[in-house]
Amino acid sequence: MRTNKKYQLQHVVSSDPKRVAIGNIKYTGTQLFATDGRIAIIAEAEPCENAPTPCLISPETWARAIKGAHKRSEFLEIDLAQEGASSTIGDITVKNPTEESEGQYPDMLAMWNRLTVPSEEGYTEISFDVTLLAKLAKGMGTETVTLRMRRELDAVEVISNHDHKVKGLIMPIRRDGR
């Protein structure tokens, strides 16, 4: 399996011991899924020859692969073809969990398609610097916010979910780079 090594999917999986299946990254042959039940990531991946699909990749394996990736390469490679549930990273082979041992992983693609807006229906997109949003939330003394806007390029109102005496604004970024 090969994908971009900037994808830090190990940080998105669940750490809840009662939700073991989503404590792993799922590889389907062309996509990777990571979720903790509140947030989710879908990333493209190049197929791995002879890899069993779908298969689960532990967050420890993912982190080890990132650490072992060539510094000059933008790619992360994990050989999933070894023994079905094992991964080879350099000289190290690690055992990966299976859906049989960890429980059924949710159908992330069906969930994604049900929850997101199809492009043919039209929608409003905004882009903004997440580090600025985190800085703003910290300055407001909160970790959870509501975003409210009128139009795509208007300032976005940031409202604390727990303290309505404080508000913030964040300016969107044009997607075309202007």
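For the structure, check the block above.
Residues numbered from 1 in each chain as written. Predicted model: local features only at pLDDT ≥ 70, side-chain atom pairs only at ≥ 80, totals over all residues. Heavy atoms only, no water.

Engineer: Please explain the overall build of the chain as it appears in this structure.
Structural biologist: Tallying secondary structure elements over the chain gives four helices and eleven strands in all. Counting the 178 residues in the chain, one finds 36% classified as buried. Carbon and sulfur atoms make up 50% of the accessible area of the chain, which amounts to about 11,900 Å² in all. (Helix = DSSP H or I, 4+ residues; strand = E, 2+ residues; numbered from the N terminus. Buried < 20%, exposed > 50% of the residue type's maximum accessible area, 1.4 Å probe, protein only. Areas by Shrake-Rupley, 256 points an atom, 1.4 Å probe, with all protein chains shown as cover.)

Engineer: Please clarify how the nonpolar core should be interpreted in this entry.
Structural biologist: Generally speaking, soluble globular proteins have nonpolar side chains that are buried together. Core analysis: the biggest nonpolar cluster contains 19 residues, and Met 1, Ile 25, Tyr 27, Leu 32, Ile 57, Trp 62 and Leu 80 have the highest contact counts within it. Of all the secondary-structure elements, those providing two or more residues to this core are strand S2 (25-27), strand S3 (31-35), strand S5 (55-57) and helix H1 (59-68). With three residues, the single largest contributor to this core is H1. (Core = buried A, V, L, I, M, F, W, Y, C linked by side-chain atoms within 4.5 Å.)

Engineer: How should I be thinking about the pattern of salt bridges in this particular structure?
Structural biologist: Working definition: two side chains of opposite charge can pair if their charged atoms are close together. On inspection of all chains with the given rule, the structure shows five salt bridges. With a shortest N-O distance of 3.2 Å, Glu 157 and Arg 148 are connected by a salt bridge. Glu 157 serves as the salt-bridge partner of Lys 167, at 3.5 Å between the closest nitrogen and oxygen. One end of the pair, Lys 167, is in strand S11 (residues 167-170); the other, Glu 157, is in strand S10 (residues 156-160), and ten residues separate them in sequence. (Salt bridge = Lys/Arg side-chain N within 4 Å of Asp/Glu carboxyl O.)

Engineer: Even after reading the chapter, I still don't get the packing of aromatic side chains, so can you show me in this structure?
Structural biologist: How two aromatic rings sit relative to each other is given by the distance of their centres and the angle of their planes. This model, assessed by the stated rule, comprises zero aromatic pairs. Over the ring of Phe 75 we find Arg 2; its NZ or CZ atom is 3.6 Å from the centre of that ring. (Phe/Tyr/Trp six-rings, centres within 6.5 Å; stacked < 30°, edge-to-face > 60°. Lys NZ or Arg CZ within 6 Å of the ring centre and 35° of its normal.)

Engineer: I'm lost on the pairing of S11 in this one. Help?
Structural biologist: Where a strand is regular, its side chains alternate between the two sheet faces. Here S11 shows a buried face lined by Gly 168 and Ile 170 and an unburied face lined by Lys 167 and Leu 169. In this structure, S10 lies alongside S11, joined through four bridges in antiparallel fashion. In the sheet register, Val 158 faces S11, and the bridge partner there is Gly 168. Taken together, S10 and the strand that follows it, S11, pair antiparallel across an intervening segment of six residues. (Pairing = 2+ DSSP bridges.)

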